[in-house]
Amino acid sequence: MMNHLLVSILLGSAVFVCSEEDRTTGGARRSLIDSDPSVVYVADLMPEDEKVELRVTEATQVYATKTGGRKLGPIKEGKVTLIGFDERACKVQGQGKTGWVKPSVLSAENGNIQELLKTVYQREMDVRKLIEAGEVALGMTRDEVCRVLGKPTKQTLRRTKEGIGGSMEFAEYEEVKHYEPVVDPYTGAVYRRYTHTTQEEKGKVVVEFEDGVASAIEESEQETGGDVKVVVRPVVWIW
């Protein structure tokens, strides 16, 4: 069902943990063929057993590439499964073919699928750029924040009638060696003697979440100034 795609963008935020699988790669589930970095793949947005079914509204040509290279043959009106999409084309599977078609020939049970996919695509591209730059932003999901900062060192969970909230703390530590002065009893010279090593906090980032997305970011050590980054909240559209 199409509504699963819209809800799935919040996966990783419904439960207050970070996913072990990096959705930017799709894990082992995505084939080598489906590895174009400019394409958003449904397998990266949804559970493995979920599919997005759309309807072809008119007979159309299927192409081997998103730019219209090499015709694979026509498909008739009927259901197809969405594999991936970019700003101009959708990769679908059905009627014995897997290839690219124009979004204008696709429809969902309800709503404007073309506008929806544009919104989802732009957000995913923005998030990927932030992750690649190692930056967190307001509006990110918990999973997306973890893909930037790693596994949290501390988590809190808050349940209210409005929903689930809380925070994640990401602390960075460094090893500090400690020494004590020692006087040589024969020469009177003073030297340092190693005693122990401790792990001391170098910096900390605390991200607060409301309704599954980052609502505040607190940094205990800010190396460079700059505006707070903001990304569009995950799209939620259910009917």
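Residues numbered from 1 in each chain as written. Predicted model: local features only at pLDDT ≥ 70, side-chain atom pairs only at ≥ 80, totals over all residues. Heavy atoms only, no water.

A.B. asks: Explain a negative patch on the surface here, please?
C.D. replies: A cluster of acidic residues, Glu162, Glu208, Glu210, Asp211 and Glu218, forms a negative patch at the surface. With respect to the secondary-structure elements, Glu162 resides in the loop between strand 9 (154-160) and strand 10 (163-183). Since its relative accessible area comes to 58%, Glu162 is described here as exposed. (Patch = residues over 30% accessible without salt bridge, like charges linked within 9 Å, V, L, I, M, F, W, Y side chains within 5 Å. Areas by Shrake-Rupley, 256 points an atom, 1.4 Å probe, with all protein chains shown as cover. Salt bridge = Lys/Arg side-chain N within 4 Å of Asp/Glu carboxyl O. Lys, Arg positive; Asp, Glu negative; His and termini not counted. Charge placed at Lys NZ, Arg CZ, Asp CG, Glu CD. Helix = DSSP H or I, 4+ residues; strand = E, 2+ residues; numbered from the N terminus. Buried < 20%, exposed > 50% of the residue type's maximum accessible area, 1.4 Å probe, protein only.)

A.B. asks: Just to check I follow, could you spell out the nonpolar core for this structure?
C.D. replies: By size, the foremost hydrophobic cluster in this structure holds 23 residues, and its most contacted members are Leu82, Phe85, Cys90, Val92, Val101 and Leu106. The set of elements that each furnish at least two residues to this core consists of strand 2 (53-56), strand 5 (78-85), strand 6 (90-94) and helix 2 (113-133). Among the nonpolar cores identified, the runner-up in size contains 16 residues, and Met140, Phe170, Val205 and Val207 belong to it. (Core = buried A, V, L, I, M, F, W, Y, C linked by side-chain atoms within 4.5 Å.)

A.B. asks: Would you mind going over the pattern of salt bridges with me for this structure?
C.D. replies: Two side chains with opposite charge may pair up if their charged atoms get near one another. Under the criterion given, the structure shown has nine salt bridges. A salt bridge links Glu172 to Lys202, with the nearest nitrogen and oxygen atoms 4.0 Å apart. You can see Glu172 sitting in strand 10 and its partner Lys202 sitting in strand 11 (residues 190-210), a full 30 residues away along the chain. Given a relative accessible area of 46%, Glu172 falls into the partly exposed group. Note that Arg193 is salt-bridged to Glu180, the shortest N-O span being 2.6 Å. Of this pair, Arg193 sits in strand 11 while Glu180 sits in strand 10, placing them 13 residues apart in sequence. The network of salt bridges with common partners includes Asp36, Lys66 and Asp86.

A.B. asks: Mind showing me how you'd approach the pairing of strand 11 here?
C.D. replies: Pairing between strand 10 and strand 11: 18 bridges, direction antiparallel. From the neighbouring strand, Val176 faces strand 11, where its bridge partner is Thr198. Linkage of strand 10 to strand 11, two consecutive antiparallel strands, is achieved through a turn of six residues, within which Gly188 is found at a positive phi near 80 degrees. Pairing of strand 11 with strand 12 (residues 213-219) involves six bridges; the strand directions are antiparallel. Across the sheet, Phe209 pairs through a bridge with Ala214, a residue of strand 12. Between strand 11 and strand 12, which pair antiparallel in sequence order, lie two residues; one of them, Asp211, sits at a positive phi of approximately 55 degrees. (Pairing = 2+ DSSP bridges.)

A.B. asks: Help me understand the sheet that holds strand 12 in this model?
C.D. replies: Taken in spatial order, the four strands of this open sheet run 9-10-11-12, and their pairing is antiparallel. The open sheet has two edge strands with one neighbour each: strand 9 and strand 12. Taking the axes of each pair of neighbouring strands and ignoring which way they run, one obtains an average angle of 20 degrees across the sheet. Contacts from helix 3 (residues 142-149) reach strand 10 and strand 11 within the one sheet, and its direction differs from that of strand 10 by about 20 degrees. (Axes fitted to C-alpha atoms, helices over the stretch in contact; angles between N-to-C directions. Contact = heavy atoms within 4.5 Å.)

A.B. asks: Before we go on, may I ask you to explain the packing of aromatic side chains in this structure?
C.D. replies: Any two aromatic rings considered together are summarised by their centre-to-centre distance and by the angle between their planes. Counted according to the given criterion, the structure contains one aromatic pair. Over the ring of Phe209 we find Arg142, and its NZ or CZ is 5.1 Å from the ring centre. The ring centre of Tyr179 lies 4.1 Å from the NZ or CZ of Arg192, which sits over that ring. (Phe/Tyr/Trp six-rings, centres within 6.5 Å; stacked < 30°, edge-to-face > 60°. Lys NZ or Arg CZ within 6 Å of the ring centre and 35° of its normal.)

A.B. asks: Is there a simple way to explain the confidence of the model for the chain in this structure?
C.D. replies: As a note on interpretation, predicted positions should not be read in detail where pLDDT is low. Scored by pLDDT, the chain has a mean of 82; 81% of the residues are at 70 or more. Throughout residues 1-15 the model reports pLDDT below 50, and contacts reaching past four residues in sequence, or to other chains, amount to 46 contacts. Taken as a whole, residues 20-28 scores under 50 in pLDDT and shows 18 contacts with residues more than four places along the chain or in a different chain. (pLDDT = per-residue confidence, 0-100.)

A.B. asks: Which parts of the structure should I look at to understand helix 2?
C.D. replies: Given 3.6 residues to a turn, an α-helix orients residues that are three or four positions apart in the same direction. Taking 1.5 Å per residue as the helical rise, helix 2 with its 21 residues ought to reach 30 Å, and the 30 Å between its terminal C-alpha atoms agrees with that figure. By the burial criterion, the buried members of helix 2 are Ile113, Leu116, Leu117, Val120, Tyr121, Arg123, Glu124, Met125, Val127, Arg128, Leu130 and Ile131. Residue Asn112 occupies the N-cap position of helix 2, its side-chain oxygen lying 3.1 Å from the main-chain nitrogen of Gln114. (Expected span 1.5 Å × (residues − 1). Polar contact = N/O pair within 3.5 Å; in protein donor to acceptor, adjacent residues only side chain to side chain.)

A.B. asks: Would you mind showing me how to read the pairing of strand 9 here?
C.D. replies: Across seven bridges, strand 9 lies against strand 10 in antiparallel orientation. Bridge assignment links Leu157 to a residue of strand 10, and that residue is Gly166. The loop that links strand 9 with its antiparallel partner strand 10 comprises two residues.

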